[in-house]
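# Inside the fold
Take a look at the letters that make up each chain.
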Amino acid sequence: MKVFKFGGSSVGTPERIQEIASWFHQAVEKEHCRAVVFSAFQGVTDQLISMAERAGKGDDTYTNDLGRLEERHIDAVRKLLSTTEQSQAIASVKFMLNDLEDILQGVFLVKELTPRSLDFITSFGERLSNYIIHLAFRKFGIACDYLDARSVIVTDDQFGSAEVEMEKTLANIQAHFASSDRLQVVTGFIAATGKGVTTTLGRGGSDYTAAIFAAALDADELQIWTDVDGVLTADPRLVREAFTMDVLSYEEAMELSHFGAKVIHPPTIEPAMNRNIPIRIKNTLNPEFPGTLVGNFEGGPEYIIKGISSIDHVALIRVQGSGLVGMAGVAQRIFGALAAGSINIILITQASSEHSVCLAVLPKNTSKAKRLLQKELQHEIATHRVADIIIEDELSIIAVVGENMRQTPGIAGKVFQALGRSRINISAIAQGSSELNISAVIRRSDKQKALRVIHDAFFYGARKTAHIYIAGTGLIGRQLISDILEKKEWFLIERHLDLRINGILNNRKMLLDEHGIAGSDWNDQLEASGRDSDLQFLYEFVKNNQSPNTILVDATASDDLPGWYEQFLSQGVAVVTPNKKANTASPEQFRKLADLARDNDTRFLYETNVGAGLPFIQAVSDRVSSGDRILRIEGVFSGTLSYLFNSFDGSVPFSELVRGARESGFTEPDPRDDLNGMDAARKLLILARLTGREASLEDVEVENLVPEPLRGDVSIDEFLSKMQASDQVFKEKLQKAHRDGKVLRYVASLDEDGLRVGLKALGPDSPLYSLRGSENMLTITSDAYADIPLVIKGPGAGAVVTANGVLSDIVKTIH
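Let me sum up the structure you'll find in this document. (Residues numbered from 1 in each chain as written. Predicted model: local features only at pLDDT ≥ 70, side-chain atom pairs only at ≥ 80, totals over all residues. Heavy atoms only, no water.)

## What about the pattern of salt bridges?
Counted only if it meets this: We count a salt bridge whenever a side-chain nitrogen from Lys or Arg sits within 4 Å of a carboxyl oxygen from Asp or Glu. Note on conventions: DSSP H or I runs of at least 4 residues are helices, E runs of at least 2 residues are strands, and numbering of each starts at the N terminus. Throughout, exposure labels follow a simple rule: accessible area from a 1.4 Å probe, protein chains only, divided by the maximum for the residue type, with under 20% read as buried, over 50% as exposed, and the rest as partly exposed.
Overall, the coordinates contain 45 salt bridges when judged by the stated rule. In this structure, the salt-bridge partner of R500 is E241, at a minimum N-O distance of 2.9 Å. You can see R500 sitting in strand β19 (residues 497-505) and its partner E241 sitting in the loop between β8 (221-226) and β9 (247-249), a full 259 residues away along the chain. With relative accessibility at 25%, the residue E241 sits in the partly exposed group. Linked through salt bridges whose partners overlap, the residues forming this network are E241, D456, R463, K488, D498 and R500.

## Here we look at helix α21 (residues 616-625)
As a reminder of what qualifies: Comment: arc refers to directions from the helix axis out to C-beta atoms. Working rule for contacts: check all heavy atoms of both residues, and any pair within 4.5 Å makes them a contact.
Residues of α21 that are buried: F616, I617, A619, V620 and R623. One side of α21 holds all its buried residues, which, seen down the axis, span an arc of 165°. Among the structural elements, β24 (630-636), α25 (678-690), β28 (775-782) and β29 (790-795) are those in contact with the buried residues of α21. One or two residues past the end of α21 sits G627, with phi positive at roughly 85°.

## Overview of the sheet that holds β19
This is how it is decided: Note on pairing: two strands pair once DSSP finds at least 2 bridges between them. Each axis is a line fitted through C-alpha atoms, taken for helices only over the stretch in contact, and angles between the N-to-C directions span 0 to 180 degrees.
Within the open sheet, the 6 strands sit side by side as β20-β19-β18-β21-β22-β23. Their pairing is mixed. The open sheet has two edge strands with one neighbour each: β20 (510-512) and β23 (604-605). Note that strand β22 (residues 574-576) and β23 share 2 bridges and pair parallel. Note that in β23 the partner of V575 across the bridge is F604. Packing of helix α15 (residues 475-486) onto the sheet brings it into contact with β18 (464-471), β19 and β21 (550-554), and relative to β19 it is tilted by some 150°.

## Some thoughts on the packing of aromatic side chains
We apply this condition: Between the rings of Phe, Tyr and Trp (Trp by its six-membered ring), a pair exists once the centres lie within 6.5 Å; its type follows the angle of the planes, with under 30 degrees stacked, over 60 edge-to-face, and the other angles tilted. Cation placement over rings: the criterion is NZ of Lys or CZ of Arg within 6 Å of the ring centroid and within 35° of the ring normal.
Considering all chains together, one arrives at 30 aromatic pairs under this definition. Measuring from centroid to centroid gives 5.8 Å for Y62 and F108, while their planes differ by 50°, and the two rings are tilted. Of this pair, Y62 sits in helix α3 (residues 62-80) while F108 sits in helix α4 (residues 83-110); the two residues are 46 residues apart in sequence, bridging distant segments of the chain. Judged by its relative accessible area of 3%, Y62 falls in the buried class. The buried category is assigned to F108, whose relative accessible area is 19%. An angle of 55° between the planes, with centres 5.8 Å apart, marks the rings of F616 and F637 as tilted. Of this pair, F616 sits in helix α21 while F637 sits in the loop between β24 and α22 (639-647); the two residues are 21 residues apart in sequence, bridging distant segments of the chain. The burial state of F616 is the same as that of F637; both residues are buried. Ring pairing ties together the aromatic residues F4, F6, W23, F24, F38, F137 and W225, which thus form one cluster. When the ring centre of F124 is taken as origin, the NZ or CZ atom of R127, which lies over that ring, is 4.1 Å away. Cation over ring: K414 sits above F458, and NZ or CZ is 4.9 Å from the ring centre.

## Focus on the packing of helix α1 (residues 14-29) against α3
In a pair of packed helices, the angle between the axes and the distance between the axes together describe the arrangement. This is how the line gets drawn: By definition in this entry, angles of less than 35 degrees are roughly parallel, angles greater than 145 are roughly antiparallel, angles of 65 to 115 are roughly perpendicular, and the rest are oblique. Handedness of a helix crossing follows the sense of rotation of the near helix relative to the far helix, less than a right angle counterclockwise being left-handed and clockwise being right-handed.
Direction vectors running N to C along α1 and α3 enclose 45°, while the axes themselves pass 10 Å from each other. The orientation of α1 with respect to α3, classified from their angle, is oblique. Where α1 crosses over α3, the handedness of that crossing is right-handed. Residues P14, E15, I17 and Q18 of α1 form the contact with α3, whose participating residues are A76, K79 and L80.

## Concerning the environment of R318
Formally: Pairs of N or O atoms are called polar contacts if they sit within 3.5 Å, as long as, within protein, a hydrogen donor faces a hydrogen acceptor (for residues adjacent in sequence, only side-chain-to-side-chain pairs).
In this structure, R318 sits in strand β12 (residues 307-320). Separated by 74 residues in sequence, R318 and E392 have C-alpha atoms that sit 8.0 Å apart. In contact with R318, not counting residues within four places along its chain, are V357, C358, D388, I389, I390 and E392. Within polar-contact distance, the side chain of R318 engages the side chain of Q320 at 3.0 Å.

## Some points on the pairing of β28
Of all 8 residues in β28, 6 are buried, a share of seventy percent or more. Note that β24 and β28 share 6 bridges and pair antiparallel. Within β28, the position partnered with G635 by the bridge is L778. Here β28 runs beside β29; their pairing, made up of 6 bridges, is antiparallel. Note on β29: the bridge partner recorded for N776 is G794.

## Observations regarding the nonpolar core
Grouped burial of nonpolar side chains is what soluble globular proteins tend to show. Note the threshold: By nonpolar core we mean a set of buried residues, namely Ala, Val, Leu, Ile, Met, Phe, Trp, Tyr and Cys, connected to one another through side-chain atoms within 4.5 Å.
Counting residues in each nonpolar core, the largest one holds 79 residues, and the members touching the most others are V3, F213, I397 and I454. By residue number, the principal contributor to this core is helix α7 (residues 205-216), which donates 8 residues. Ignoring anything within four residues of it in the chain, the contact list for F213 reads V3, A35, L147, V152, I153, I173, F177 and V186. Counting residues in hydrophobic clusters, the runner-up holds 73 residues, among them L552, V575, A619 and F645.

## Some details on unusual backbone geometry
A positive phi angle, near 65°, is found at H384, a position not held by glycine. Take H384: it is sitting in the loop between α12 (378-382) and β15 (390-401). Positive phi, close to 55°, is recorded for D601, a residue that is not glycine. You can see D601 is positioned in the loop between α20 (587-599) and β23.

## Points about the pairing of strand β10 (residues 279-283)
A regular strand places its side chains on the two faces of the sheet in alternate fashion. Across the 5 residues that make up β10, a large majority, 5, are buried. Burial of the side chains of β10 extends over both faces: I279, I281 and N283 are buried on one face and R280 and K282 on the other. Examined bridge by bridge, β8 and β10 share 5 bridges and lie parallel to one another. Counted as the bridge partner of T226 is N283 from β10. Two strands pair when backbone bridges link them, and β10 and strand β11 (residues 292-295) are joined in this way by 3 bridges, in the antiparallel orientation. Bridging across to β11, R280 finds its partner in L293.

The structure is reproduced here in structure tokens:
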């Protein structure tokens, strides 16, 4: 036998009521349902409270809502019942509404709303809904009776949240059902004292009503129908990836419900748990889904935790002072004072030093709580044994719940690491000895971010999510975006990495999405974005949505974004860039960025600063980190200059090679930016700094291949035309090299004599002799590689290999 309960959202419209009535006869026949509990129609309880409060203030606008309330319920009668059945039903509804009107009028006249009056007013929601629904059930051929729960559920007179006298109540229900074998349509939420005065069971009281009936009838299962698919791992409005848990233990469900999970209410669980009655949470809008089963069992071992819940708004009361240390009975006095003032304490934590006690309460109670504590501890405060009572507001509580946390090492560390890496500060921590719950008090503004990062840490096993913001939509940026989108499934399946692009910006527009930018039409989305590119706004957005593995990619060539690296790294955001500007600024800046990355447990990676996708920087870093002393670095680091001198065989004048290379896109728009050697010099400087040298760009000896008369304010066309005058100089250098059996290469070198970039003639004994096309090469001579240098060679330019190198750096930042 089963007991069913339907929430207000399940009966929010006549159409939803008809849908339930159309299949509920199966619940009666196949599942032997004896009792079904309904809440008030969706929104009605809030409407009744609002009317009562306004009437109590002498505000006659409550009458407008009273008219709308009558119209809604009579409309439901007309839509649910046949014409011949409507007259009696409407008369009964109006009779109840007349009673409601009378009590509201009384409250309005005396301008006083007592808790007793409020309970009576709010009882009309369930009385009206269940009366109408039981008639609708009859129309669908379901034999049933309307049962006003006030006739069987007995409580004390603590109006608003009355305590059930369980023994009497269970006996009353059992006696009632012994005299009737028909389905009972039961009003949720409401009850009565022994003298027949109407009371309510508090918010979620309809669930409690259903649990009481299930316990009295010794049901096989209690089904609670709502508008979600069961108990989810987190609030789906805040965590998009939240999913339904198949099973929960009673204890897990109680912990989650205490800390804000709205699907099931704490009092509901106790009557069912005492009788070992499973509770199944199902979705009226998705009735085929199995939902969540809550029972006397532990969930499967698949997940260490079962859910993350939260209380949105709390305040922290801190009592501290040296006088608390060793003061016997102080905790009893603190809790006693608050209890005497009917203030509920949500969370308690005390330092082992006994120097402070922290209490979390609802914000509405803070002023009263502070007064009570100041009064209780007035002597200690006056003698400075206790500092003044400190209130910290705008906080939330995050609770991580799961029975599998017991005896599982590292759970707390994983929670705090996830929060710490997202720059979420924890004000207080609590964990019971049962190890069922870890709670943390955090800033309210961080609540959604905290839920997301903890959910991601625990519910995706080996899978890690990277949140990537890409600045620059030139050749490299476009290729990188394309690579990430095309390889997304491969990374998910093969590497368990979820690479999400959360931001794309160029020098005009900015597209940001906390859930990720999808689709190959990203450029159209960017152009359609109404937001101008704004680095301050980008920083704030990243900061507010930061999760572990948040990564900024600077694929620009500008000076603007490098100026923001410090802020991003200080926030714990990884920075990946092919942009050399930051690393070729002052030596102090170079060290500072590395230190910030280390101190904030993040990464600053720039492998593509030198050699595009080739691991030149990694090779030098590995030698240094292993203690291998580097004696000499030599290499070709400019793809353009490599191409020019690998192609220069004398058959074509050097100026023509330069012109052709520019037309083919192998040079910068102004070829002088390649020929002046500064690009190679910057790359050599970065490698030198990795070895520990305190070098600046001025320390690099640079051979500028641009003829001196053409270095000034000369147009590109004039430069290309007048470059011919230098063809003979380059031809003579080539001929001399060939006579000696050598080739020309534009070489960057570092040794004990300094840093140099320039044109050199090299013989077959040099690894650089064999270069072809636009290949780059790095050679490292060190203590470990003294006889034969370490050599790395490959394509050193191009959007494809550079973007691939950037993507490789992105993956390296993920941990």
